[in-house]
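# Coordinates in review
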Amino acid sequence: MSKVKFIVEKIKSKFANVNVIKKAVLWLAAILSVVAICCLLFCKPFQKVVFNPESHLVVEVQKGDTLSKLLGEQGFSSKEIDVIAKTLKKSANFSTLRPGTNKFDFVRPSENDPVSKIIIVNGPWNRVELSCGEEVGVWNCEQVEIERDVRVVYKSGEILEGDSFYLAGQRAGIPDGILIDVYDLLAFEMDFERDIRAGQRFSVLYEENYASEKKVDNGHVIAVSFEALRGTVKMYRFKKADGQIGYYDESGNGAIKSLKRTPINNAKITSSFSYRRKHPVLGFTRAHKGVDFRASTGTPIPAAGAGRVIARGYNRGHGNFVKIRHNGSYETLYGHMSRFVKNVRVGTTVKQGQTIGYVGSTGLSTGPHLHYEIIKDGKHVNPMTVKLPAINNLGAADKKVFLERRAYLDSVISDLEAHPDKIMRLVDGVPNPQDKTK
Ligand SMILES: [Zn+2]
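A short tour of the structure in this document, coming up. (Residues numbered from 1 in each chain as written. Predicted model: local features only at pLDDT ≥ 70, side-chain atom pairs only at ≥ 80, totals over all residues.)

### Topic: helix 7 (residues 396-418)
For helix 7, which comprises 23 residues, the first-to-last C-alpha distance of 33 Å matches the rise-based estimate of 33 Å (1.5 Å per residue) to within 8%. Listed as buried for helix 7 are Phe 402, Val 412, Ile 413 and Leu 416. (Helix = DSSP H or I, 4+ residues; strand = E, 2+ residues; numbered from the N terminus. Expected span 1.5 Å × (residues − 1). Buried ≥ 20, exposed ≤ 12 C-beta atoms within 10 Å, placed from the backbone.)

And the structure:
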C-alpha cells in the first residue's frame, strides 16, 4: 500500500515540476520577445557600436616624413614596415612620399586592434589600398582609379584696347592652365604678341573633372575659336580610329604641321649635314650644321613650316638669314639670302610654304645656294634624318567622323552659349546631349 502511495506522490510531484518548467518557459519566451523588440527598435545604433567599430586615422604626409616613420607611429615593427615598403614598390610603384598630396588612412577593426588596412591617397584620381592578407605578414596591394565625372564648360571673351590675350582670357574666367593650352594650340596659327587687336572675340570649350560632386581639376581643351587677323581660327580635339588624339581645324587639317626637310621642292643637295667637313671658303675642317640646296639667285625660299620669325639679319657666316620658331621644340634657319621679303620681319607669323626670302650667296658662300638648318631643342639636327612630327591630316574615314563631331561640338557650343548654366557631361569623350539638367 505504502508503495502505491509513494508512487502516486512521486507522479504528483513530477506534474508539479512540469508546471514549474511550463511557467519558466513562458517567462523565458516573454523576456526573449522583449529583447527581440528592443533589438528591432534600436537595431542600427546597436549594430554600429557592436558589429562595426572600424576606426580610421587619417594622417597627411608632411615634409620630412618617411614611410617607416608613419608606419612606426602606428605600431608596425621594422620587419612589417620592410614588407609593406616592398609590397608598395612592387605592386603600386609607390616609393616616394609626396607632402601635400599623399594622405594615409589607417583602418583598424576596432580602436585597440592593430592596423588591418592602409588607404593611401595618391593624387586626386588614384589611391592605393593595402590590406592585411589571411597569412600573417602578407599584405595585398591594389591600385584604385577614382572615376571622373567630366563636365564641359564654355567660356568666351573679347580683347579690349590695350589688352593681352592672357588678360582677356582671365577676365572671361578661363583658368590659367586652359589659357596656356589654348596659347600653345594657336601659336602655330597666330602671333599672340602682334596679331592681337581690340574687338577680337575668342571662345573655348573645355573639360572640368568632378569627383563626388566637387570640382577637382580642369581637363582638356575640346574646341577653341579665335578671330585672328586673317580670319577666324578654329581647332577641335578629335580621337582618330587608331586611338590617336590631336587637334584639327574646321576642315580636318592637323593643328601641328610638320616641317619640310627640303623647303625648296626638287632642289639638289650640294652639301650634307656633317660634324666635320672641309669648309669650301675657310679651307679648314669644321661642322656643317645644315644642308645646302643648289638654286639660282632670286629663287623664292618658302618657310619649312608654320611659325614665327624670331631673327632676321646678317652675320659673317650665314650672310642674310632668317630664323623661324615653329613650336616649343623646333626652329629653322635659312642662310645666304640675296634679299628678304619686305613684310616678313621679326615677330611675323608665317604659314608653311610662305616666301620669307630669296636665294643668294651672301656671307661665307662660294655660289648661290640655300643653307638650311633645323634646330631641335636648341641643338642642330640633320634635316634629312631627324624624326619630325608627322603631318597629321585625317584620312577619309576619320575625316567623315571628324566633320560630324565638329558639327555636333558646334551645336553644343551654341547650346551652352544660350544656356551657360547647363551642366553637360562627357560620355566616352563626347558631350552627352541627354544630360542637360542643372
Ligand atoms: Zn651650308
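This is not the end of the story, as more comes after the structure.
### Focus: the environment of Lys 155
Of note, Lys 155 is situated in strand 6 (residues 149-158). Taking the number of C-beta atoms within 10 Å as the measure of exposure, Lys 155 has 18 and is therefore partly exposed. Along the sequence, Lys 155 and Ile 174 sit 19 residues apart, while their C-alpha atoms lie 6.5 Å from each other. Other than its neighbours up to four places away in sequence, Lys 155 contacts Ala 172, Gly 173, Ile 174, Ser 203 and Val 204. (Contact = placed C-beta atoms within 7 Å.)

### So, the sheet that holds strand 7 (residues 201-211)
Read across the open sheet, the seven strands follow the order 10-9-8-7-6-23-24; overall the sheet is antiparallel. The strands lining the two open edges of the sheet, one partner per strand, are strand 10 (245-248) and strand 24 (430-431). Alignment of strand 9 (residues 231-239) against strand 10, held across four bridges, turns out to be antiparallel. What sits directly across from Tyr 236, in strand 10, is Tyr 248. Running over the sheet, helix 6 (residues 176-186) touches strand 7, strand 8 (214-228), strand 9 and strand 10 and is turned about 35° from strand 8. (Pairing = 2+ DSSP bridges. Axes fitted to C-alpha atoms, helices over the stretch in contact; angles between N-to-C directions.)

### Some points on the environment of Ile 146
Examined against the element boundaries, Ile 146 turns out to sit in the loop between strand 5 (139-145) and strand 6. It is 4.8 Å that separates the C-alpha atoms of Ile 146 and Trp 125, two residues lying 21 residues apart in sequence. Ignoring sequence-local partners within four residues, the contact set of Ile 146 consists of Trp 125, Asn 126, Arg 127 and Ala 211.

### Considerations on the nonpolar core
Residues Val 204, Leu 205 and Val 224 are the most contacted members of the largest nonpolar core, which totals 29 residues. Put simply, the parts of the chain that give this core at least two residues each are strand 6, helix 6, strand 7, strand 8, strand 9, strand 10, helix 7 and strand 23 (424-427). At five residues, strand 8 tops the list of elements feeding residues into this core. Here Val 224 is in contact with Val 182, Leu 185, Leu 186, Val 204 and Met 235, once residues within four sequence places are set aside. Counting residues in hydrophobic clusters, the runner-up holds 26 residues, among them Ala 303, Tyr 358, Val 359 and Tyr 372. (Core = buried A, V, L, I, M, F, W, Y, C linked by C-beta atoms within 7 Å.)

### Quick look at the sheet that holds strand 3 (residues 117-122)
What links the strands of a sheet is backbone hydrogen bonding, and the strands pair in either a parallel or an antiparallel sense. Ordered in space as 1-2-3-4-5, the five strands form an open sheet in which the pairing is antiparallel. In this open sheet, the two edge strands, each paired with only one partner strand, are strand 1 (55-60) and strand 5. Geometrically, the sheet is characterised by an average inter-axis angle of 15° between neighbouring strands, direction not taken into account. Relative to strand 2 (residues 102-108), strand 1 is paired through six bridges, and the arrangement is antiparallel. In the strand pairing of strand 2, Glu 60 is matched with Lys 103.

Interpretation note: all reported values are geometric properties and have no functional meaning in isolation.
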